[in-house]
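Here is what each chain is made of, one letter per residue.
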Amino acid sequence: TLCKVYPTLFTEDFAESNFMASSSDPDKPYKTYLDMVKAINSMHERYIDPKSAEASNAKELVAFCKALDFAGYKKMITTLEAELGPTLFDYDFGLENLKVAAGMKKAK
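Details of the overall build of the protein
Okay, step 1: Regarding its fold elements, the protein presents 4 helices and 0 strands.
Okay, step 2: Taking all contacts inside the protein whose residues are at least 6 apart in sequence as the whole, residues at least 24 apart take part in 64%.
Okay, step 3: For the protein, the computed accessible surface area is about 7500 Å², with 54% contributed by carbon and sulfur atoms.

Section: the nonpolar core
Okay, step 1: Ranked by size, the top nonpolar core spans 16 residues in total, and within it F64, L68, Y73, M76, I77, L80 and L98 carry the most contacts.
Okay, step 2: When contributions to this core are tallied by element, the ones reaching two or more residues are helix 1 (28-47), helix 2 (53-67), helix 3 (70-84) and helix 4 (95-101).

Some remarks on the environment of L61
Okay, step 1: You can see L61 is positioned in helix 2.
Okay, step 2: Separated by 34 residues in sequence, L61 and L95 have C-alpha atoms that sit 7.0 Å apart.

Notes on the pattern of salt bridges
Okay, step 1: This structure, assessed with the given rule, holds 6 salt bridges.
Okay, step 2: The residue D25 makes a salt bridge to K31 at a minimum N-O spacing of 2.7 Å.
Okay, step 3: For D25, a relative accessible area of 25% translates into the label partly exposed.
Okay, step 4: Measuring nitrogen to oxygen at the nearest pair gives 2.1 Å for the salt bridge that ties E96 to K105.
Okay, step 5: Here the salt bridges share partners, and the residues they tie into one network are E60, E96, K99 and K105.

Some thoughts on the packing of helix 1 against helix 3
Okay, step 1: Across the interface, helix 1 lies against helix 3 with an axial gap of 10 Å and an inter-helix angle of 110 degrees. Accordingly, the angle class assigned to the pair helix 1 and helix 3 is roughly perpendicular. Contacts between helix 1 and helix 3 involve Y30, K31, Y33, L34 and V37 from the first element and F70, Y73, K74, I77, T78 and E81 from the second.
Okay, step 2: Residue classes in the contact of helix 1 with helix 3 are distributed as 7 nonpolar, 1 polar and 3 charged.

As for the packing of helix 1 against helix 2
Okay, step 1: Direction vectors running N to C along helix 1 and helix 2 enclose 145 degrees, while the axes themselves pass 10 Å from each other. Where helix 1 crosses over helix 2, the handedness of that crossing is left-handed. The residues of helix 2 that touch helix 1, namely those facing V37, K38, N41, H44 and E45, are E54, A55, A58, V62, C65, K66 and A67.
Okay, step 2: Here the contact of helix 1 with helix 2 is built from residues that sort into 6 nonpolar, 2 polar and 4 charged.

Digging into the side chain of D27
Okay, step 1: You can see D27 is positioned in the segment before helix 1.
Okay, step 2: For D27, a relative accessible area of 17% corresponds to the buried category.

Topic: unusual backbone geometry
Okay, step 1: Here the phi dihedral of D90 falls at roughly 65 degrees; this positive angle occurs in a residue that is not glycine.
Okay, step 2: For D90, the location among the structural elements is in the loop between helix 3 and helix 4.
Okay, step 3: Residue classification places D90 among the exposed residues on the basis of a relative accessible area of 82%.

Conventions used here
- Residues numbered from 1 in each chain as written.
- Predicted model: local features only at pLDDT ≥ 70, side-chain atom pairs only at ≥ 80, totals over all residues.
- Heavy atoms only, no water.
- Helix = DSSP H or I, 4+ residues; strand = E, 2+ residues; numbered from the N terminus.
- Contact = heavy atoms within 4.5 Å.
- Areas by Shrake-Rupley, 256 points an atom, 1.4 Å probe, with all protein chains shown as cover.
- Core = buried A, V, L, I, M, F, W, Y, C linked by side-chain atoms within 4.5 Å.
- Buried < 20%, exposed > 50% of the residue type's maximum accessible area, 1.4 Å probe, protein only.
- Salt bridge = Lys/Arg side-chain N within 4 Å of Asp/Glu carboxyl O.
- Axes fitted to C-alpha atoms, helices over the stretch in contact; angles between N-to-C directions.
- Parallel < 35°, antiparallel > 145°, perpendicular 65-115°, else oblique.
- Nonpolar A, V, L, I, M, F, W, Y, C, P; charged D, E, K, R; others polar.
- Left-handed = near helix turned anticlockwise from the far one by under 90°.

Laid out in structure tokens, this is it:
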């Protein structure tokens with residue numbers, strides 16, 4: 001395998017980082033990290049054989065990442081921060097929870 005892709009949730013964590021966005025656009029971190037999600041998704045599609053078990057296992061995640069737009073990404077992050085606090089490390093969010101947080105699915 002040339003490349004392995006794992007689900008990753010990108011968030012700018014001001015509480016845990018010495019680095020901050022240097023843009024006057026308050027949404028710049030969300031836009032930047034959504035671009036990273038899209039880039040990782042593109043690498044997955046480029047390097048993972050679509051007929052492989054890996055591609056099959058990631059199919060729902062890939063579809064979620066493709067469908068995720070700026071509004072959904074920002075809603076997902078702000079929802080998770082409201083529920084879990086500003087430090088979103090060391091959580092296994094689960095795809096269904098991410099869909100709900102992004103407003104792409106209703107909570108059960």
